[in-house]
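One letter stands for each residue in the lines below.
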Amino acid sequence: KFMKCCDIIENLNCTALLTSSVPQFTNSPTLIVMVGLPARGKTYISKKLTRYLNWIGVPTKVFNLGQYRREVQSYKSFEFFRPDNEEAMQIRKACASNALKDVVIYFSKEHGQVAVFDATNTTRERRVSIVSFAKEKGYKVFFVESICDDPDIIAQNIADVKVSSPDYLNCDKEEALADFLKRIECYKQTYVPLDDEKDRRLSYIKIFNVGSRYLVNCVQDHIQSRIVYYLMNIHVTPRSIYLSRHGESNMNLLGRIGGDSGLSPRGHKYATALGTFIKSQHIKDLKVWTSHMKRTIQTAEHLGIPYEQWKALNEIDAGVCEEMTYEEIQDNHPEEFALRDQDKYRYRYPKGESYEDLVHRLEPVIMELERQENVLVVCHQAVMRCLLAYLLDKTADELPYLKCPLHTALKLTPVAYGCKVEHVFLNIEAVNTHRERPGNVDVSRDPEEALKTIPDHF
Amino acid sequence: MTNCPTLIVTVGLPARGKTYISKKLTRYLNWIGVPTREFNVGQYRRECVKIYKSFEFFRPDNEEGLKIRQQCASAALNDVRQYLADKGGQVAVFDATNTTRERRGTITAFAEQNGFKVFFVESVCEDPEVIAENIVQVKLGSPDYTNCNTEEAMEDFKKRIKCYENSYETLDEVLDRDLSYIKIMDVGRRYLVNQVQDHIQSRIVYYLMNIHITPRSIYLCRHGESDLNVKGCIGGDSGLSPRGKEFANYLGQFIQSQEISDLKVWTSQMKRTIQTAEAVSVPYEQWKALNEIDAGVCEEMMYEEIQQHYPLEFAMRDQDKYRYRYPKGESYEDLVQRLEPVIMELERQENILVVCHQAIMRCLLAYFLDKTAEELPYLKCPLHTVLKLTPVAYGCKVESIYLNVDAVNTHRDRPEVAGAKEALVSNAH
């Protein structure tokens, strides 16, 4: 479908379509290998990185060794991790082996491009065996080592994600903490960090103390360069991200998509209410971002806070369908309308954009969102769906159908490995602009079937 | 970015690529719209001490030499201050050895006094081959050595490096842990990045980590002449005209004759570039980011039609062609933003042919040849002509290869006066 624009040409020589921000490689897959003592943020990094790579269109999956271990062995105490516990060592080795077997399946049978092997991998011996495994299979290897000696950070880490781990279901907090600290000690004895000299031919990034310093060695290719850039931009300082659409616009009232209209009277009311809400939150150093379109700018104006305009936050360009109602689209472009319902994520409006294009243009916004602290983004329906999909790890299939109603602010607060979401409906009525996928997406369908799920409008 | 200006400070022995990095970084930052200027202390020294005699000037026990060098550094910092505080500069690159902690301390104090952020870029390299190549490429031809032969110059320069070696204090993981810096080791094999403070420093680090100095060539050309070109219409998504197809074949032959190792080919997602690349018979990758500028409401119009239907818009475009945005379309400034990932990936690559469009090619060319925003929209990028760019010394050698297939001219010069009649005089076709 996304090859429509060049369907008259036999793309005999075309190897990749850079519709997303990363070329769809026919190259070797990449095995990212985490390294570090327990409670150094390896799983946090693994999950976050995986979420980012999937969002930009690189199929990625995490293989967490702890999970493999939990499946074969119920946890009793730190004794399992003692370096002299022969029986446990066998089990742990078998788990690692199984995890790597699954990596092979993911790459060879499931179209995976990147696998993140999330385990301590703290000995040179273990890392050497992974490197040979990868070499044998033709995978590239990139190590991500997290080094931290700040006791406060480690304690916070343990409180955030370890104490509530399945390993400690039947323990109270103090017991869990004490046991976990002993677990860390077990690894410390044999921990050999990546070495400047001995490991100079390996490709890796070493992250010190949650990002105050990085050591980057032998970056091999584009994807590793992007991974390094991403890892160097994320932080763990507590903050909240507020997402909201512009207030109801005049086009919204008429059921028209796109365009650049101003706010309706209710839209203005919402903007004022949003301003009041934001003030009540007493947010420290709030940054406000809008698009270049009137309706987001008018909304931000009511907040009384300086705002930055990003062209990248403009609503999806509906090309020839700009400013049409869904009824008009069905009338004028019934085939296009059906094709869009068939694959809403990849479908590109003639002379317009697709959701996939949106993700590409929003990538710098996401990168800057990661760098920032408290931010309010005033944007549009399709744009907000893309940002939300990134923050909440939604798939490309779910993304175009995420519910982002008007006059509702979302407050996203990173917590543990994910994001807490609070919906704040500011009690000002607005039209509904959400169109569900209709039952019949066939090109030959009747107009009524196409229009079944259209929201009401004036 | 209306924040504090940033002072980038290079650190390193002579012949470690500091000036190469300074110039390249400055070019990149200006292209993405961050006003940046480099201040090379060597140049200040040459202005002060008209004739360079020998390495003795740099001896650490040469009191007079030291005094002059300190004065030059101060003069340069003074100009930095003026540029950042009074002349709208956003980033200044202070290009000097800055090899002692004491000197760096002075600069940090100066920056603090003036409210500038400081970011150090240190280049460390002990590979004698890289250093020798460096000296050959940019030192032997330096104004300092106009009257020397190669051996003399080489000898003198090596002794010059020695003068700095004893007092060189590299940025230290512990002692300098509160400074913001990137340490580049062995021409990019390894990097140490410490305390990145903000967006611009993060972008600088990303850029520095993507550039390389492996010799290679970048070939730029437009698609072959298209049907819409022949009609005199802008934009659209038409296929190649017969002459355009002929060009595509000649392009294929030309590329083969160049015997380029591991050539990558990139096109946009528009028919005319794809059809052109098909004739080259090398696998190609399509980038949406390489699509021609979106002329919005003026898409597929001839200039005469634009003048007729949108005379005001037409005039405004001539007044500021770089920033002017077609209604429902894009500006050159927007193009630069969408081409930034392309440039970043171009930096990572080696031999590459980019088949693109007029406005796109102007933007890419402006980046490689350090053209200003004013010059950019008027750069000449005729059809059926391949530009071969080869990085050399601090810049780029350009070879223009016309493949001898006629085509319409699509270049429209800036009219003398932005008025209706005048607007149409400078038209193509």
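Here the structure is a predicted model, which is why all the values come from computation and not from measurement. (Residues numbered from 1 in each chain as written. Chains lettered and ligands numbered in written order. Predicted model: local features only at pLDDT ≥ 70, side-chain atom pairs only at ≥ 80, totals over all residues. Heavy atoms only, no water.)

J.: Any details on the overall build of chain A? Residues and values, ideally.
T.: Tallying secondary structure elements over chain A gives 15 helices and 13 strands in all. Computed over C-alpha atoms, the radius of gyration of chain A comes to 25 Å, within 12% of the 23 Å expected from 2.2 N^0.38 for 458 residues, which places it in the range of a compact globule. Along the first, second and third principal axes, the C-alpha atoms of chain A reach 75 × 60 × 40 Å. Total accessible area computed for chain A in this model is approximately 20,300 Å², and 52% of it derives from carbon and sulfur atoms. Side chains of chain A give 60 positive and 62 negative charges; the mean places of these two sets differ by 4 Å. (Helix = DSSP H or I, 4+ residues; strand = E, 2+ residues; numbered from the N terminus. Rg over C-alpha atoms; globule rule 2.2 N^0.38 Å. Areas by Shrake-Rupley, 256 points an atom, 1.4 Å probe, with all protein chains shown as cover. Lys, Arg positive; Asp, Glu negative; His and termini not counted. Charge placed at Lys NZ, Arg CZ, Asp CG, Glu CD.)

J.: Go over the sheet that holds strand 6 (residues 204–208) of chain A, please, and point to the residues and values.
T.: Here twelve strands make up an open sheet; going across it, the order is 3(A)-4(A)-2(A)-5(A)-6(A)-7(A)-6(B)-5(B)-4(B)-1(B)-3(B)-2(B) and the pairing mixed. Both outer strands of the open sheet, strand 3 (60–64) of chain A together with strand 2 (36–40) of chain B, are each paired with one neighbouring strand and no more. Averaged over all adjacent pairs, the angle separating strand axes in this sheet is 15°, with direction ignored. As judged from the five bridges shared by strand 5 (residues 140–147) of chain A and strand 6 of chain A, these two strands associate in the parallel manner. Residue pairing across strands places E145 of chain A opposite K206 of chain A, the latter belonging to strand 6 of chain A. Against the sheet, helix 1 (residues 42–55) of chain A engages strand 2 (30–35), strand 3, strand 4 (114–118), strand 5 and strand 6 of chain A, with an angle of about 160° to strand 3 of chain A. (Pairing = 2+ DSSP bridges. Axes fitted to C-alpha atoms, helices over the stretch in contact; angles between N-to-C directions. Contact = heavy atoms within 4.5 Å.)

J.: Give a detailed account of the interface of chain B and chain A, specifying residues and quantitative values.
T.: With 39 residues of chain B at the contact, the number on the chain A side is 45 residues. Linking chain B to chain A there are six salt bridges. Of the charged contacts, one joins K288 of chain B and D357 of chain A as a salt bridge, the two residues approaching to 3.8 Å between their closest N and O atoms. The tally of links between chain B and chain A comes to 18 residue pairs in polar contact (both at pLDDT 80 or more). Mapped onto the side of chain B that touches chain A, the elements with two or more residues apiece are strand 6 (190–194), helix 7 (199–208), helix 10 (271–278), strand 9 (284–287) and helix 13 (332–348) of chain B. In terms of residue class, the side of chain B that touches chain A is built from 13 nonpolar, ten polar and 16 charged. Where strand 7 (residues 213–217) of chain A lies against strand 6 of chain B, five bridges are found, and the strand directions are antiparallel. Bridged to L215 of chain A within strand 6 of chain B is L192 of chain B. (Salt bridge = Lys/Arg side-chain N within 4 Å of Asp/Glu carboxyl O. Polar contact = N/O pair within 3.5 Å; in protein donor to acceptor, adjacent residues only side chain to side chain. Nonpolar A, V, L, I, M, F, W, Y, C, P; charged D, E, K, R; others polar.)

J.: Explain the environment of E246 of chain B to me, and be specific about the residues and the numbers.
T.: Mapped onto the elements, E246 of chain B comes out in helix 9 (residues 242–258). In this structure, the C-alpha to C-alpha distance between E246 of chain B and G224 of chain B, residues 22 residues apart in sequence, is 8.0 Å.

J.: Provide a residue-level description of helix 4 (residues 124–137) of chain A, including the pertinent values.
T.: Residue and element names in this part refer to chain A. Compared with an ideal rise of 1.5 Å per residue, which puts 14 residues at 20 Å, helix 4 spans 20 Å between its outermost C-alpha atoms and is within 8% of the ideal. Along helix 4, the positions that sit buried rather than exposed are R127, I130, F133 and A134. For helix 4, the angular spread of buried residues about the axis comes to 120°, placing them on one side. Along helix 4, exposed side chains directed more than 90 degrees from the buried face belong to E125, K135 and E136. Buried-residue contacts for helix 4 involve strand 2, helix 3 (86–109), strand 4 and strand 5. Backbone geometry just after helix 4 places G138 at a positive phi near 80°. (Expected span 1.5 Å × (residues − 1). Buried < 20%, exposed > 50% of the residue type's maximum accessible area, 1.4 Å probe, protein only. Arc of directions from axis to C-beta.)

J.: If you had to explain the UniProt feature "active site" (unreviewed entry) in chain A to someone new, which residues and values would you point to?
T.: All names here are of chain A. In the numbering adopted here, UniProt assigns the feature "active site" (unreviewed entry) to H246 and E315. Taking the farthest pair of C-alpha atoms as the criterion, the annotated set spanning 70 residues converges on one region, since that pair is 10.7 Å apart. The residue H246 is located in the loop between strand 8 (241–245) and helix 8 (250–253) in this model. Given the relative accessible area of 2%, H246 is considered buried. Non-local contacts of H246, meaning those with residues more than four positions away in its chain, are made with N252, R295, T296, T299, V378, C379, H380 and L406. Side chain to side chain, H246 and R295 meet in a polar contact 3.4 Å long. (UniProt positions renumbered as here; feature names shortened; annotations may be inferred.)

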